[in-house]
Amino acid sequence: QVDLVESGGGLVQPGGSLRLSCKASASISNMYAMGWYRQVPGEQRELVAVEFSSGNRNIAKSVKGRFFVSRDNAKNTVDLQMNNLKIEDTAVYYCNAVPAMELNQYWGRGTQVTVSS
């Protein structure tokens, strides 16, 4: 079992920036992928950005060039830098970890990001 704790969410104006952080309770070296998803009420949870154990990344087209994911295995963290935020970025953002050798995957409880003028 791995606990994931997110921080850094909040209220920002369009064009502003936020940095989200996720801290894992155990080593993330075993994690095939770590990163961030988001969900709007009534819609499916969608991938935002993940970083694989290889260092490669998968970024959603809707945030490419604006959001950047950074995985730090030494600190057991994965951060999401969010720039030039848009109203449509408003969602609950969830940290996610997919182990390489386990059946389960792990989720944080989510942090609210609201973009509003």
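All values derive from a computational prediction rather than experimental measurement.

1. Observations regarding the nonpolar core
- Counting residues in hydrophobic clusters, the biggest one holds 28 residues, and the most contacted among them are Leu4, Trp36, Leu80 and Tyr93.
- Where this core is concerned, the elements lending two or more residues are strand E3 (18-24), strand E4 (31-39), strand E5 (46-52), strand E7 (67-72), strand E8 (77-82), strand E9 (91-99) and strand E11 (111-115).
- Among all residues touching leucine 80, those that are not within four sequence positions of it are Leu18, Arg19, Leu20, Trp36, Val48, Ala49, Phe67, Phe68, Val69 and Tyr93.

2. Observations regarding the pattern of salt bridges
- In the structure shown here, the tally under the stated rule is six salt bridges.
- Note that aspartate 79 is salt-bridged to arginine 19, the shortest N-O span being 3.2 Å. Residue aspartate 79 is found in strand E8, and its partner arginine 19 is found in strand E3; the two are separated by 60 residues along the sequence.
- Classification of arginine 19 as partly exposed rests on a relative accessible area of 42%.

3. Notes on the packing of aromatic side chains
- Taken as a whole and judged by the stated rule, the model has two aromatic pairs.
- Summarising the aromatic geometry, the rings of tyrosine 37 and tryptophan 107 are spaced 5.1 Å apart at their centres and angled 75 degrees between planes, so their arrangement reads as edge-to-face. One end of the pair, tyrosine 37, is in strand E4; the other, tryptophan 107, is in strand E10 (residues 106-107), and 70 residues separate them in sequence.
- Across the ring face of tyrosine 94, the terminal group of arginine 45 is positioned such that the distance to the ring centre comes to 3.7 Å.
- Of note, arginine 45 hangs over the ring of tryptophan 107, and the distance from its end group to the ring centre comes to 4.6 Å.

Cut-offs and rules
Position numbers for residues count from 1 along each chain, tracking the sequence in the order it is written. For a predicted model such as this one, the threshold for reporting local features is a pLDDT of at least 70, and the threshold for listing and counting side-chain atom pairs is 80 or more; totals across whole chains, interfaces and linings nevertheless cover every residue. For the side-chain quantities, the full set of heavy atoms in the structure was used; hydrogens and water were omitted. To form a nonpolar core, buried Ala, Val, Leu, Ile, Met, Phe, Trp, Tyr and Cys residues must be joined to one another through side-chain atoms within 4.5 Å. Throughout, exposure labels follow a simple rule: accessible area from a 1.4 Å probe, protein chains only, divided by the maximum for the residue type, with under 20% read as buried, over 50% as exposed, and the rest as partly exposed. The way it works is that DSSP assigns letters per residue, a run of H or I at least four long becomes a helix, a run of E at least two long becomes a strand, and they are numbered from the N terminus. Only heavy atoms enter the contact rule, under which two residues are in contact if any of them lie within 4.5 Å. Just to be clear on terms, a salt bridge is a Lys or Arg side-chain nitrogen sitting within 4 Å of an Asp or Glu carboxyl oxygen. Any Phe, Tyr or Trp ring, taking Trp's six-membered ring, that has another such ring centre within 6.5 Å forms a pair; planes under 30 degrees apart are called stacked, those over 60 apart edge-to-face, and the others tilted. For a Lys NZ or an Arg CZ to count as sitting over a ring, it must be within 6 Å of the ring centre and within 35 degrees of the ring normal.

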